[in-house]
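Below, each chain spelled out in residue letters.
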Amino acid sequence: MNAKSRGLKPASHQPNAAAKLHAPLARLLRPLVRLCIRSGMTFPALAQLLRELFVNVAEHDFALEGKEQTDSRVSLLTGIHRKEVARLRGAGAPVHEVPATLSRTSAIIARWLAAPEFTDAKGEPLPLPRTAEGDAPSFEQLVESITKDVRPRAVLDEWQDRKLVTINGNDEIVLTDTGFVPRGDDDRKWHYLGRNLHDHVAAAAENVSGPAPRFLERAVHYDGLSPKLAKRLEARSRELAMEALKVANREANRALAKDKGGNSRWNFGVYIYSEGPDGAADDAGEGGQS
């Protein structure tokens, strides 16, 4: 979405906005810099990525209606030399692309968690037989309700390899907790890192840039807690968060069946974080939601 459709202007309405942004931006970037160093991404590589993104965003998001976006104007907006702008225009990897297998997996799991025929009275995903007669729920029926391009057996083999499902004593397929939480070498975690952080930051940026907050972006926070209480609150908040996510997923999945479709996108997320006195994340067990 570009500046023309959103009514954006290249300069902030707030005086000294850049100076005010310095401290919160430093805090926001600190864990990302830590992740970069831990993952082997060097400063020159990150600086090159930022340079490409500055040019790409200025070129597409801050175009003036009815006027061609020139190298000189992009240079003025970004502070990057005009010759470098000319070289970089058109660069930048797509940021909204979703891997096909990831999109398919997410859609199938979302339906397993939402559709009444695949959940029990408490809304929990049912163990599913591989196949079933008639309209009885089965894993085959679940997969085919989302896609007919991939055989259910191929999906099952892939999910077993990724430990998203297990087979119980009745030869039924059971969704495991890892269906919600990417971990290890699962490439889904890198996709969700970019998507979820993008949407959270985009919501916060929209709220501080506009005349009034547009998106819900709130947190409950307490300092000066004992480690025991912090872990107890984290465990309880995880229960509340998972319940909220499941309810939202059920309602959205059912509404989707009656929706005519379009180009809009919606994301409802929850985060939980706690840290010790040294600023490091507390090791309170595994958790998270994609």
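Fair warning: this is a prediction, and the values are worked out from it, not measured in the lab.

### A word on the overall build of the protein chain
- The number of helices and strands found in the protein chain is 10 helices and three strands.
- When contacts within the protein chain are restricted to residue pairs at least 6 apart in sequence, those whose partners lie at least 24 apart make up 53%.
- If you sum the accessible surface of the protein chain, you get close to 20500 Å²; carbon and sulfur atoms cover 55% of it.

### Regarding the sheet that holds strand E1 (residues 128-129)
- Read from one edge to the other, the open sheet built from three strands follows the order E1-E3-E2, with strand pairing classed as antiparallel. Looking at the sheet topology across the chains shown, the edges are occupied by E1 and strand E2 (165-167).
- Two elements, E1 and strand E3 (residues 172-175), share two bridges in a ladder whose sense is antiparallel. Considered in E3, the bridge of Pro-129 is made with Glu-172.
- Taken strand by strand, helix H8 (residues 152-161) contacts E2 and E3, and its axis lies near 100° from that of E2.

### What to know about the pattern of salt bridges
- Throughout the structure, instances matching the rule amount to 13 salt bridges.
- Between Lys-246 and Glu-124 there is a salt bridge, and its shortest N-O distance comes to 3.2 Å. Taken together, the positions of Lys-246 in helix H10 (residues 227-256) and Glu-124 in the loop between helix H6 (100-114) and E1 put the pair 122 residues apart, joining distant regions of the chain.
- Judged by its relative accessible area of 16%, Lys-246 is buried.

### What to know about H10
- Given a rise of 1.5 Å per residue, 30 residues ought to cover 44 Å, and the 42 Å separating the end C-alpha atoms of H10 matches this to within 8%.
- If you check which residues of H10 are buried, you get Ala-230, Glu-234, Ala-241, Met-242, Leu-245, Lys-246, Ala-248, Asn-249, Arg-250 and Asn-253.

### Points about unusual backbone geometry
- Of note, Lys-163 is a non-glycine position whose phi angle comes to about 60°, a positive value.
- Note on placement: Lys-163 falls in the loop between H8 and E2.
- By relative accessible area, Lys-163 is classed as exposed at 59%.
- If you check the backbone angles, Asp-171 has positive phi at about 60° while not being a glycine.
- You can see Asp-171 is positioned in the loop between E2 and E3.
- Given a relative accessible area of 41%, Asp-171 falls into the partly exposed group.

### Comments concerning the confidence of the model for the protein chain
- For the protein chain, the average pLDDT comes to 84, and 83% of its residues sit at 70 or higher.
- Across residues 9-13 the pLDDT falls below 50, and counting only partners more than four positions away or on other chains, this stretch makes five contacts in the model.
- Scored below 50 in pLDDT, residues 284-290 makes 18 contacts in the model with residues more than four places away or belonging to other chains.

### Describing the nonpolar core
- Core analysis: the largest hydrophobic core is formed by 17 residues, its most contacted members being Trp-112, Phe-139, Leu-142, Trp-159 and Val-165.
- Secondary structure elements with two or more residues in this core: H6, helix H7 (139-144), H8 and E3.
- At four residues, H6 tops the list of elements feeding residues into this core.
- Excluding its chain neighbours within four sequence positions, the residues that come into contact with Phe-139 are Trp-112, Leu-128, Pro-129, Arg-130, Pro-152, Val-155, Leu-156, Trp-159 and Ile-173.
- Formed by six residues, the second largest nonpolar core is a distinct cluster that contains Val-55, Ala-58, Val-85 and Leu-88.

Calculation criteria
Residues numbered from 1 in each chain as written. Predicted model: local features only at pLDDT ≥ 70, side-chain atom pairs only at ≥ 80, totals over all residues. Heavy atoms only, no water. Helix = DSSP H or I, 4+ residues; strand = E, 2+ residues; numbered from the N terminus. Contact = heavy atoms within 4.5 Å. Areas by Shrake-Rupley, 256 points an atom, 1.4 Å probe, with all protein chains shown as cover. Pairing = 2+ DSSP bridges. Axes fitted to C-alpha atoms, helices over the stretch in contact; angles between N-to-C directions. Salt bridge = Lys/Arg side-chain N within 4 Å of Asp/Glu carboxyl O. Buried < 20%, exposed > 50% of the residue type's maximum accessible area, 1.4 Å probe, protein only. Expected span 1.5 Å × (residues − 1). pLDDT = per-residue confidence, 0-100. Core = buried A, V, L, I, M, F, W, Y, C linked by side-chain atoms within 4.5 Å.

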